[in-house]
Amino acid sequence: MDPLTRIVSYTLLVGAVIITEVYCRNSTGHGHNVTYTMAQVLSNKPPQQRIESSFNSNIPVWVHPHNATNPRIDAWSDSRSIRRPHHYTNNSRIPVYSNLGHKKEEPHRNASVPKYDVADDELRNFAEEVLRRDDNNAHRYLTVNYQGKTTSRSDKDLAPEPLLRVHENVNRIPTISKIRRLYDNYIPLVENNEEVTGEEMREEDELLDAIISTNVMDYTRNFLVSKGVIGNDPLEFKNVLKEMWFTLYPRRKGRYGSSGFEHVFLAEIKNGEVSGFHNWIYFHHQELNNNVNYLGYLKVVEFGNKGAILKHHFTFNGYDKPVDSLFIGTSPEFEMALYSTCFLIRPDKVCPLQLEGKKFTIRVFTFNSQGKKLIGSAFPEI
């Protein structure tokens, strides 16, 4: 055996027998220890991060946000000059949910469903308290004209007048004025990529900051903390809300043109049909612009002077939606509180609630994208 061959053989033998651990700092520069084996060094495979957690076993596993892929940054099919920054701090924790849901982009075999011991009556009492704390409730500024009762199959317009007339004082409610600023940030067609500017990112953060500062969301955060759903850090709560509501995902393959927020609080058009559209503020906005034609109601449940739940039939820009349901008169934070809580505690299941003694349910369907469980749709059922 010549000397060169002897040297190569010896090197391979040492590499096969000895496992070397190399400790280095990861690319985020935040001081987390990362372990490499010799096999990983040779194969160029990424390391496994050591995750240390003091949480109970029934709490979701958390990973550092800088190591989690963000579809709003990494999965655009078109080139972008603006990259969405991380909205997290070093100490924030983002939960990793399962891939179970009515939409499956790709399998994630090791995911698990977080389970929390929250009784139905606890959820009903939670909803009643959220309504009691809804200081920005706008029902006092609304005149609701239900008009004729219709069906999902009817092609007749049994409501020649608009559904809503709203006093201008509603614009003084901070969360309502801020949610309206986001209306021109979205394209209803799901096959179009949503392009996010720096100004739009600021508008999202300003809306979330206004919502989180309310009495409704303070109570909601404390409720979720008490049930072990989230940690006690207020910033963590904002991060969880931002991810579930504002992360972009594809309802059409390769096109990141949808999010939970757009679907629920605005509207989308998919395959020639209206999708989402579960918020009264946006409905009124489109009525003012003559883009919506309210055709009549199917069912109404009112809860005192604080609002109602409406099941109705309408068209949007000529596209028909035979059945839709939404709250009327409630604040954005009220609706986000109920939907977010049901998403975290009863995803893809019936979430039983109650307002002014009247029982109903909320359904929150999940959408799975790049290992994240996000809000696909959320609405009240009566």
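Residues numbered from 1 in each chain as written. Predicted model: local features only at pLDDT ≥ 70, side-chain atom pairs only at ≥ 80, totals over all residues. Heavy atoms only, no water.

The name recorded for the protein in an unreviewed UniProt entry is EndoU domain-containing protein, from Photinus pyralis. A UniProt comment under Cofactor (unreviewed entry) is attached to the protein, and it reads "Mn(2+)". The protein has a UniProt comment under Sequence similarities (unreviewed entry) that states "Belongs to the ENDOU family." (UniProt positions renumbered as here; feature names shortened; annotations may be inferred.)

Counting secondary structure elements, the protein contains 11 helices and 16 strands. Looking at the protein as a whole, 49% of its 382 residues qualify as buried. For the protein, the proportion of contacts with a sequence separation of at least 24, taken over those separated by at least 6, is 63%. Here the protein displays about 18400 Å² of accessible surface, and carbon together with sulfur accounts for 49% of that area. (Helix = DSSP H or I, 4+ residues; strand = E, 2+ residues; numbered from the N terminus. Buried < 20%, exposed > 50% of the residue type's maximum accessible area, 1.4 Å probe, protein only. Contact = heavy atoms within 4.5 Å. Areas by Shrake-Rupley, 256 points an atom, 1.4 Å probe, with all protein chains shown as cover.)

We note that E356 has phi near 50 degrees; this positive angle belongs to a residue other than glycine. Of note, Q370 is a non-glycine position whose phi angle comes to about 50 degrees, a positive value. If you trace the backbone, Q370 turns up in the loop between β15 (358–369) and β16 (372–381).

Between its first and last C-alpha atoms helix α7 (residues 215–226) spans 17 Å; for 12 residues at 1.5 Å apiece the expected length is 16 Å, and the two agree. Within the sequence span of α7, burial applies to V216, M217, T220, R221, F223 and L224. An end-on view of α7 places all buried positions within 160 degrees of arc, on one side of the element. Tucked inside the fold, the buried residues of α7 contact α4 (120–132), α6 (198–212), α8 (234–246) and α11 (332–345). Two residues or fewer past α7, G228 is found with a positive phi of approximately 75 degrees. (Expected span 1.5 Å × (residues − 1). Arc of directions from axis to C-beta.)

Our focus in this paragraph is the packing of α4 against α11. Running from N to C, α4 and α11 cross one another at 160 degrees; their axes reach a closest spacing of 10 Å. Comparing the axis directions of α4 and α11 gives the class roughly antiparallel. Where α4 crosses over α11, the two elements pack in a sense that is right-handed. Listed contacts from α11 to L123, F126, A127, V130 and L131 of α4 are F334, A337, L338, T341 and I345. Each residue belonging to the contact of α4 with α11 can be placed in one class, and the counts come to 9 nonpolar, 1 polar and no charged. (Axes fitted to C-alpha atoms, helices over the stretch in contact; angles between N-to-C directions. Parallel < 35°, antiparallel > 145°, perpendicular 65-115°, else oblique. Left-handed = near helix turned anticlockwise from the far one by under 90°. Nonpolar A, V, L, I, M, F, W, Y, C, P; charged D, E, K, R; others polar.)

Here 3 strands make up an open sheet; going across it, the order is β11-β12-β13 and the pairing antiparallel. Strand pairing shows two members of the sheet lacking a second neighbour, β11 (292–302) and β13 (319–328), which therefore form its edges. Between one strand axis and the next, the sheet turns through 20 degrees on average, direction left out of account. Where β11 and strand β12 (residues 308–316) come together, 9 bridges link them in antiparallel fashion. Bridge pairing in β12 places V301 opposite I309. Along the sheet, helix α10 (residues 280–288) makes contact with β11, β12 and β13, crossing β11 at roughly 150 degrees. (Pairing = 2+ DSSP bridges.)

Our next topic: the environment of Y146. Considering the arrangement of structural elements, one finds Y146 in the loop between β7 (142–144) and β8 (164–166). With 166 residues separating them in the primary sequence, Y146 and H312 have C-alpha atoms 9.2 Å apart. Beyond its immediate sequence surroundings of up to four residues, Y146 is in contact with L163, Y294, G296, Y297, V300, E302, A308, L310 and I328.

It is worth spelling out the nonpolar core at this point. Counting 76 residues, the largest nonpolar core has W245, F261, W280, F327 and I362 as its most contacted members. Sorting elements by how many residues they give to this core places α11 first, with 9 residues. Discounting chain neighbours no more than four positions away, the residues touching I362 are F327, L338, Y339, C342, K349, V350, C351, L353, F379 and P380. (Core = buried A, V, L, I, M, F, W, Y, C linked by side-chain atoms within 4.5 Å.)

Right, let's get into the pattern of salt bridges. Opposite charge on two side chains allows them to pair when their charged atoms are near. Overall, the coordinates contain 14 salt bridges when judged by the stated rule. Note that R181 and E206 form a salt bridge whose closest N and O atoms lie 3.7 Å from each other. Of this pair, R181 sits in the loop between α5 (174–180) and α6 while E206 sits in helix α6, placing them 25 residues apart in sequence. Exposure remark for R181: the relative accessible area of 40% places this residue in the partly exposed category. For E206, a relative accessible area of 37% corresponds to the partly exposed category. Ionic pairing is found between K238 and D209, a salt bridge with its closest N-O pair at 2.8 Å. Taken as a pair, K238 in helix α8 and D209 in helix α6 lie far apart in primary sequence, 29 residues in all. When salt bridges with common partners are traced through the structure, they connect E204, D205, D209, K238 and K242 into a single cluster. (Salt bridge = Lys/Arg side-chain N within 4 Å of Asp/Glu carboxyl O.)

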